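# Structural description and commentary
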Amino acid sequence: MIVESIGISLCISGLLFSAVRKTTLDQQKIQHTFKNIDYDAKGYAPTLLKTIKKDSYFEYVYNVPYGLIDDDKLQPVLQKTLDKPVHVYFDGKLHVRVYHKKLKDRYNYDMFESLGGWTIPVGMAQEGVVYHDFDTIPHMVVAGSTTWGKTVFMKMLMTHLIENNPDGVEFYILDLKGGLAFHRYRNLKQVKVVAGDYKESAKALKMVKRDIKKDMDYLKSIDAENAKEGNLPTRKFIIIDEAGELKPEKSMSDTDKEYAKDCQSIMNHIARVAGQVGYKMIFGTQYPTKEILDSQIKANAVARVAFRLVTSVQSGVAIDQSGAETLEYPGRAIYKTVKEHIVQTPFITKFEMQEKLRRYEVNDDTTREESTTPRTDTITIG
Ligand SMILES: Nc1ncnc2c1ncn2[C@@H]1O[C@H](COP(=O)(O)OP(=O)(O)OP(=O)(O)O)[C@@H](O)[C@H]1O
């Protein structure tokens, strides 16, 4: 009995000693970093106020001298120095959160629990799984340079929403990279359109605009403020991949320019008025510039997912801060609404998607029309 309790107390003191050693080491390295990158005001560096110990991280809170504010380079430098994931934020005090473990570079889709409804898993963060609810925040920007995970993410989102609501979700997909990425899903009963060029895109969006008007008139007639309150069973997702292609360019024919302008004006309309009526826009782009992500879209697409981008300027346009240019792995992203999280997004293969969605395929367009809720204005392209 005595031997056992001595063993337990030795073990506890061992753990405490190891935690103290780790925090002391972190603190020393952080303080040296402040000095080496001149993070001070007239020689006065931040001073440690307290240390918060949590299961997954230690957080060091610093008093900072007046006039010293947040600095974008602090987080990447500390991350490299400590060789651990670090999150730096500033709320009058400077917080340096140092996580014990690094995120893995792959988490398979099937390990993410479904919360049902209009919620999707955005990915695994240090704090656990992060979800996004499209009924709370309807529109989303998904930015990322090519080959860093944007398309896999949009396909994962589609798979999850179909699995959650096979009879209540509809997709209108503008696949402006030639219709290749989403073409194979055109026969799913939930996919109303896969538009592969400007003409088809403009036609699809005009159809969406007409539906929005009908749904708004209906909600007004029953005095409901939004789709949820009006018990509208269907949510419609407009996926745009690649939004940059809709910017009218000199190289386009005059007709295509007109179609592209029509598309932009309807996209702005959807972003401004249609979120609460049950229309959700997923705005994918590999070139986040001010022209492509214009102020209307940005003001209304409050949820942002940024995979690796080329420059901090692009990151600034996509998520209003730098950081996406430093993401290290495909599938790693910054998810930002009011708060921001670094996540490893769920990975799903084409084969897994096919296995999950095969049952919703309809063989030809006639069967497809019959198998979906009848709508007089549904068209099928692609
Ligand atoms: N969530 C993820 N976790 C781990 N690896 C991923 C993840 N998402 C994508 N990848 C890897 O990155 C590769 C490229 O992904 P994806 O096709 O989505 O890129 P993309 O940015 O959409 O490129 P493009 O713009 O050319 O279509 C995938 O084939 C896969 O190997």
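Here the structure is a predicted model, which is why all the values come from computation and not from measurement.

## Re the overall build of the chain
- From N to C terminus, the chain includes nine helices and 16 strands.
- Looking at the chain residue by residue over its 382 residues, the buried ones come to 37%.
- Within the chain, contacts between residues separated by at least 24 positions form 66% of all contacts whose residues are at least 6 apart in sequence.

## Points about the domain arrangement of the chain
- For the chain, the assigned domains read domain 1 (33-102) and domain 2 (107-371).
- For domain 1 versus domain 2, the separation of C-alpha centres amounts to 36 Å.
- At the interface, six residues of domain 1 touch four residues of domain 2.
- For the side of domain 1 that touches domain 2, the class distribution of residues is four nonpolar, one polar and one charged.

## Brief notes about the site of the ligand
- Near the ligand you find 14 residues, and of these Gly 149, Thr 151, Val 152, Pro 330 and Gly 331 are the closest.
- Ranked by residue count, the leading element in the shell around the ligand is helix α3 (residues 150-164), at three residues.
- When grouped by side-chain class, the residues that make up the shell around the ligand number four nonpolar, eight polar and two charged.

## Comments concerning the pairing of strand β14 (residues 332-336)
- For β14, the buried fraction is high: five of the five residues fall into the buried class.
- Along β14, one buried face is formed by Arg 332, Ile 334 and Lys 336 and the opposite face, lined by Ala 333 and Tyr 335, is buried too.

## As for the confidence of the model for the chain
- Confidence in the prediction for the chain averages 87 pLDDT; 90% of positions are at 70 or higher.
- Counted against residues more than four places away or in other chains, residues 366-382, with its pLDDT under 50, gives 30 contacts.

## Some remarks on the UniProt feature "binding site: ATP" (unreviewed entry) in the chain
- UniProt's feature table lists "binding site: ATP" (unreviewed entry) at Gly 144, Ser 145, Thr 146, Thr 147, Trp 148, Gly 149, Lys 150 and Thr 151, given in the numbering used throughout.
- Relative to the elements of secondary structure, Ser 145 occurs in the loop between β8 (140-143) and α3.
- Those residues in contact with Ser 145 that lie beyond four places of it in its chain are Gln 286, Arg 308, Leu 309 and Val 310.
- One can find Gly 149 in the loop between β8 and α3.
- Under the C-beta neighbour-count criterion, Gly 149 is labelled buried, with 24 such atoms within 10 Å.
- With near-sequence residues (within four places) excluded, Gly 149 lies in contact with Gly 144, Phe 307, Pro 330, Gly 331, Ala 333 and Thr 345.

## Here's the deal with the nonpolar core
- Ranked by internal contacts, the top residues of the largest apolar core, which has 76 residues, are Ile 173, Ile 282, Phe 283 and Ala 306.
- Those residues in contact with Ile 282 that sit more than four places away from it in its chain are Met 140, Val 142, Met 154, Leu 157, Phe 237, Ile 239 and Ile 240.

## Notes on the environment of Asn 36
- For Asn 36, the position within the fold is in helix α1 (residues 2-36).
- The class of Asn 36 is exposed, set by 10 C-beta atoms lying within 10 Å.
- Residues Asn 36 and Phe 237, spaced 201 residues apart in sequence, show a C-alpha to C-alpha distance of 49 Å.

## Side note on the sheet that holds strand β4 (residues 94-99)
- Overall, antiparallel pairing links the four strands, which are arranged β1-β2-β4-β3 in an open sheet. Across the chains shown, the open sheet's two edge strands, defined by having one partner strand only, are β1 (47-53) and β3 (86-90). Pairwise comparison of adjacent strand axes, ignoring direction, gives a mean angle of 20° for this sheet.
- Lying on the sheet, helix α2 (residues 74-82) is in contact with β3 and β4; it crosses β3 at an angle near 150°.

## Focus on unusual backbone geometry
- A positive phi angle is found at Thr 147, which is not glycine, with a value near 75°.
- Assignment of secondary structure puts Thr 147 in the loop between β8 and α3.
- Residue classification places Thr 147 among the exposed residues on the basis of 11 C-beta atoms within 10 Å.
- With a phi close to 55°, Asn 231 is a non-glycine residue in the positive phi region.
- Looking at where Asn 231 falls in the secondary structure, it is placed in the loop between α4 (198-221) and β11 (235-241).
- With 8 C-beta atoms packed within 10 Å, Asn 231 lands in the exposed category.

## Thoughts on the pairing of strand β13 (residues 303-306)
- Of the two faces of β13, both are covered, the one formed by Ala 303 and Val 305 as well as the one formed by Arg 304 and Ala 306.
- Where β8 meets β13, four bridges bridge the pair, whose relative direction is parallel. Looking at β13, one finds that Val 142 is bridged to Val 305.
- Here three bridges tie β13 to β14, and the two strands are oriented antiparallel to one another. Of the residues in β14, the one forming a bridge with Arg 304 is Lys 336.

Rules used throughout
Residues numbered from 1 in each chain as written. Predicted model: local features only at pLDDT ≥ 70, side-chain atom pairs only at ≥ 80, totals over all residues. Helix = DSSP H or I, 4+ residues; strand = E, 2+ residues; numbered from the N terminus. Buried ≥ 20, exposed ≤ 12 C-beta atoms within 10 Å, placed from the backbone. Contact = placed C-beta atoms within 7 Å. Domains from an automatic or database assignment. Nonpolar A, V, L, I, M, F, W, Y, C, P; charged D, E, K, R; others polar. Near = placed C-beta within 6 Å. pLDDT = per-residue confidence, 0-100. UniProt positions renumbered as here; feature names shortened; annotations may be inferred. Core = buried A, V, L, I, M, F, W, Y, C linked by C-beta atoms within 7 Å. Pairing = 2+ DSSP bridges. Axes fitted to C-alpha atoms, helices over the stretch in contact; angles between N-to-C directions.

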